[in-house]
Amino acid sequence: MSPTIKPVTGAQFSRIHGVGGYRPTRVIPNSEVLNWIDSSDEWIRTRSGIAERRWAGPEETVAEMSVQAAGKAIAMAGIRPEQIGGVIVATVSHLKQTPAIATEIAQRLGCGTAPAFDISAACAGFGYGLGLADGMVRGGSAEYVLVIGVERLSDLTDVTDRSTAFIFGDGAGAAVVGPSETPGIGKVVWGSDGSQAEVISQTQAWDTAFAKPDAVNGAGEETKWPALRMEGQTVFRWAVYDMAKVAEQALEAAGITADQLGAFIPHQANMRIIDAMVKKLDLPPNVPVARDIAETGNTSAASIPLAMERMLERGEAKSGDLALIIGFGAGLVYAAAVVTLP
């Protein structure tokens, strides 16, 4: 008889035990954006719902913002950093290919030898991380997993691009996922559509950008820093119609109806998209909806945990409520789930 591998046992269920966020100190109102592009405050608000956004200063690095947000989440969870058995960082704006920024964050937090890695899933990154953390806790590879969504999108914003200059912001959001006696994270409905990869993308690859002659040495064209570009109308249609269906699938997978929700926390991409999704889902008017984009802008992977923290802080949602979360973005990728709020 062949030897068998000892089975691994984990928690039966998982949930979010704590959430925390960090918002940079510098506020960029629409009036400042108007110095860069030919537009108006009314146009920006009407098109996106954004009144202001936060941009990070030199000391507010991807790692520093993550550590600040994670510290709050760990404190809310009531655990010690050394109890963290995994650190997952979702980001597209850590500009080093290697090492993963997660390793630095884990070391700074005091998470011992916990495995730490980055994932690149754009605005769906937090949902992807949540799905991985849920599997790690229930699969027995970790008791608690720290999931961080963090972005410095100001580094990848072309302030002369009228279609994107007003959209992006910086910040970090974190959540601690751990064992639960009852289901606290529903099935994560996630996926991708690579046929639309160019709809949201970086303008050029790093090797292409820096292979060009530099005007400084008189060799020719000045090197242009890569930035984010987006086909707004295509993204709008995809987010409203296709992502509403994904949100409905997440509700069905969790066995929850819209009227049982205590909050709807979509990725803060655009206020018009949020409003259209609310209508498509036929959400009851008593279900509070996250609209953090008005003050924070689109922070990609950080937007859902930042919005979740703010809703809890302001009493718009409360601990124990069921929340439908959904993230969607470049790839195109998406992830949705029903979760119990910490």
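Cut-offs used in this document
- Each chain has its residues counted from 1, running along the sequence as written.
- It should be noted that, the model being predicted, local features are given only for residues of pLDDT at least 70 and side-chain atom pairs only at 80 or more, the latter also being counted only at that level, while totals for whole chains, interfaces and linings use all residues.
- Side-chain metrics in this entry use all non-hydrogen atoms of the structure; hydrogen atoms and water are not considered.
- UniProt positions are given in the numbering used here, feature names are shortened, and annotations may be inferred rather than shown by experiment.
- Only runs of H or I of at least four residues qualify as helices and only runs of E of at least two qualify as strands under DSSP, and these elements are numbered from the N terminus.
- By this rule the span expected of a helix is its residue count minus one, scaled by 1.5 Å.
- The seven residues ending at a residue and the seven starting there each receive a fitted axis; the angle between those axes is the bend at that residue.
- Throughout, exposure labels follow a simple rule: accessible area from a 1.4 Å probe, protein chains only, divided by the maximum for the residue type, with under 20% read as buried, over 50% as exposed, and the rest as partly exposed.
- Residue contacts are counted whenever heavy atoms from the two residues lie within 4.5 Å of one another.

As annotated in an unreviewed UniProt entry, the chain carries the name Beta-ketoacyl-[acyl-carrier-protein] synthase III and comes from Kitasatospora phosalacinea. What UniProt records for the chain under Sequence similarities (unreviewed entry) is the sentence "Belongs to the thiolase-like superfamily. FabH family." Note on the chain: under the UniProt heading Subunit (unreviewed entry), the record states "Homodimer."

Draft legend 1. Molecular detail of helix α7 (residues 232-254). Across its 23 residues, α7 extends 31 Å between first and last C-alpha, which sits within 8% of the 33 Å expected from 1.5 Å per residue. A bend of about 35° at Met243 is the largest found in α7. All of the buried residues in α7 are Val235, Phe236, Trp238, Ala239, Val240, Met243, Ala244, Val246, Ala247, Ala250 and Leu251. Turning to α7, the residues buried within the fold contact β8 (189-192), β9 (200-202), β10 (228-230), α8 (271-281), β12 (322-329) and β13 (333-340). Where α7 ends, the next residue or the one after it, Gly255, has phi of about 70°, a positive value.

Draft legend 2. Spotlight on unusual backbone geometry. Residue Pro99 is bonded to the preceding Thr98 through a cis peptide linkage, with omega at 0°. Along the polypeptide, Pro99 turns up in the loop between β4 (84-90) and α4 (101-109). In the segment running from Gly331 into Leu332, the intervening peptide bond is cis, with an omega of -15°. With respect to the element layout, Leu332 can be found in the loop between β12 and β13. The residue Asp282 is not glycine, and still its phi comes out positive at about 55°. Mapped onto the elements of the fold, Asp282 is located in the loop between α8 and α9 (293-296). Looking at Asp282, the relative accessible area reads 64%, which means it is exposed. Positioned with a positive phi, Ser300 is a non-glycine residue whose angle comes to about 55°.

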